[in-house]
Amino acid sequence: HVLYSATVEAEATIDIYTQASGLVRRILVEEGAKVVEGQILVELVDDELKLDEAEARLAYEKMEAQLRRKAELYNRKLLAKEEYEDLRMSVAQFKIRWERAQLSLAHAHVRAPVNGVISQRIVKIGDRVGQSSKLYEMVNLSRLIAYVHVPGQGMQNLSIGQRALVTTDFLPDSKFEGRILRISPVVDPSSGTFKVTLELNADDRRL
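Bear in mind the structure is a predicted one, so any value in this text is a computation, not a measurement. (Residues numbered from 1 in each chain as written. Predicted model: local features only at pLDDT ≥ 70, side-chain atom pairs only at ≥ 80, totals over all residues. Heavy atoms only, no water.)

S.K.: I'd like a rundown of the pattern of salt bridges, residues and numbers included.
M.R.: Within this structure, the stated rule accounts for 13 salt bridges. Residue arginine 121 is joined to glutamate 30 by a salt bridge in which the shortest nitrogen-to-oxygen separation is 2.7 Å. Of this pair, arginine 121 sits in strand S6 (residues 116–121) while glutamate 30 is found in the loop between strand S2 (22–27) and strand S3 (34–35), placing the two residues 91 residues apart along the sequence. The salt bridge partner of aspartate 127 is lysine 124, with a shortest N-O separation of 3.8 Å. Look at aspartate 127 and you get partly exposed, because its relative accessible area is 21%. (Salt bridge = Lys/Arg side-chain N within 4 Å of Asp/Glu carboxyl O. Helix = DSSP H or I, 4+ residues; strand = E, 2+ residues; numbered from the N terminus. Buried < 20%, exposed > 50% of the residue type's maximum accessible area, 1.4 Å probe, protein only.)

S.K.: So, the nonpolar core: which residues are in play, and what are the values?
M.R.: The nonpolar side chains of a soluble globular protein tend to be buried with one another. Grouped together as the largest cluster of nonpolar side chains are 18 residues, with contacts concentrated most on Leu41, Val42, Val123 and Tyr136. Elements represented by at least two residues in this core include exactly S2, strand S4 (40–44) and strand S8 (134–151). The next biggest cluster of nonpolar side chains, apart from the first, holds 17 residues, and it includes Val139, Ala146, Phe176 and Val196. (Core = buried A, V, L, I, M, F, W, Y, C linked by side-chain atoms within 4.5 Å.)

S.K.: Could you give an account of the pairing of S2, with specific residues and numbers?
M.R.: Looking down a regular strand, the side chains alternate between one sheet face and the other. Bridge count between S2 and strand S7 (residues 128–129): two bridges; the pairing is antiparallel. Each bridged residue has a counterpart across the sheet, and for leucine 23 the counterpart in S7 is arginine 128. When S2 meets S4, the two strands line up antiparallel, connected through three bridges. Looking at S4, one finds that valine 24 is bridged to leucine 44. (Pairing = 2+ DSSP bridges.)

S.K.: Mind laying out the packing of helix H1 (residues 47–75) against helix H2 (residues 81–106), listing which residues take part and the relevant values?
M.R.: For any two helices packed against each other, the geometry is given by the interaxial angle and the distance between the axes. Axis separation between H1 and H2 bottoms out at 8 Å; the angle between their running directions is 160°. Between H1 and H2, the crossing angle belongs to the class labelled roughly antiparallel. In this structure, H1 crosses over H2, and the sense of that crossing is left-handed. Across the contact of H1 with H2, the residue classes tally to 15 nonpolar, four polar and 11 charged. (Axes fitted to C-alpha atoms, helices over the stretch in contact; angles between N-to-C directions. Parallel < 35°, antiparallel > 145°, perpendicular 65-115°, else oblique. Left-handed = near helix turned anticlockwise from the far one by under 90°. Nonpolar A, V, L, I, M, F, W, Y, C, P; charged D, E, K, R; others polar.)

As structure tokens, this is what we get:
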């Protein structure tokens, strides 16, 4: 057995942006909160978006009803095929406009992209945000990583997939299992060590 010091962190740090533009109406999650994929974090003012969605839906339903009426005429050979196909194309276009309006309305609710923990909240109530506005930073704790810097003479004893145990003074009676995920082939000239990356079992949230 060999003993080295290590730093543990979440491998995935995620910046959360909004896909819509507008004013922030509600902030539902604060720093340190655990969130699940799809959970709403921020609500934007969406009154106008709701009207746009309703208007697009009514326009599509009107065109669809017109197509149904024309279909009867077409089936009875009382309507030219070209006119009927033009109407079908128009209905498809109106449906796309409605779906786009639905998507814009959905984007007024900013959701967590993965399970994780909010590490920083940047957004404030009343902010005017756009697609370049970062709202949160979060970490994905489903995969914890430990970085170990190993002197060159210790490298001959290490290999990818090898088991490792991690301990910490914060939890003196606990041991956490891991395995070697990556071994850097390049030596750090300032310290004469190689960076070894361990993947840890993240099921135990205490670490």
